[in-house]
Amino acid sequence: MTITMRAGGEIDELLRKVEALSSQNLAGCYQCGTCAASCPLRGSMDLPPDALILHLRFGLPGVLDRQTFWVCVGCDSCVEHCPRAIDVSKIMAALRQISIQESGDHLALAQLPETALRRLPAIALVASMRRHTG
Ligand code: SF4
Ligand code: SF4
């Protein structure tokens, strides 16, 4: 596998933004994988939480193209189990915020099928809009 790293400045920029927004020090992660093992949505993610952190730390490309941080529901199971007290949920929230800032809203009500709009409880729609839009 060929691994292409981003240019130094870009690594620093995304990592710096995530650390500033989440107030977490990603260098503290020692890649034990406990967050991934305790995540109920791991199977729906395109990159497990521990790998996402590794990608951020080493500046691997495409982090903001991943779906992992959109799939995360902020249940905090990973936070409770992390032996390094890293709040992975806040890292996911920071990535959502950066993605929205850089690329715009992740969800548009107008794009949802009418059947879904009729079926979904209002609270689910409100919660979803709060997570997916700026
Ligand atoms: S549980 Fe904590 S230390 Fe372990 S991989 Fe996840 S974030 Fe890193
Ligand atoms: S907060 Fe997100 S990443 Fe952590 S266990 Fe819950 S869904 Fe998974």
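Residues numbered from 1 in each chain as written. Chains lettered and ligands numbered in written order. Predicted model: local features only at pLDDT ≥ 70, side-chain atom pairs only at ≥ 80, totals over all residues. Heavy atoms only, no water.

### Some remarks on the nonpolar core
For step 1, the next point in the chain: Core analysis: the biggest nonpolar cluster contains 27 residues, and Val 18, Leu 26, Leu 56, Val 88, Ile 91 and Leu 95 have the highest contact counts within it.
For step 2, the next point in the chain: Residue assignment for this core shows that the elements contributing at least two residues are α1 (8–22), α3 (49–57), α4 (68–71) and α6 (88–103).
For step 3, the next point in the chain: Looking at which element gives the most residues to this core, the answer is α6, with seven residues.
For step 4, the next point in the chain: If sequence neighbours within four positions are ignored, Val 88 has contacts with Cys 35, Pro 49, Ile 53, Cys 78 and Val 79. (Core = buried A, V, L, I, M, F, W, Y, C linked by side-chain atoms within 4.5 Å. Buried < 20%, exposed > 50% of the residue type's maximum accessible area, 1.4 Å probe, protein only. Helix = DSSP H or I, 4+ residues; strand = E, 2+ residues; numbered from the N terminus. Contact = heavy atoms within 4.5 Å.)

### A few points about α6
For step 1, the next point in the chain: Over its 16 residues, α6 extends 22 Å from the first C-alpha to the last, a length consistent with the 22 Å expected when each residue adds 1.5 Å.
For step 2, the next point in the chain: Restricting attention to buried positions, one finds in α6 the residues Val 88, Ser 89, Ile 91, Met 92, Ala 94, Leu 95, Arg 96, Ile 98, Ser 99 and Ile 100.
For step 3, the next point in the chain: Of the residues trailing α6, Gly 104 is marked for its positive phi of about 90°. (Expected span 1.5 Å × (residues − 1).)

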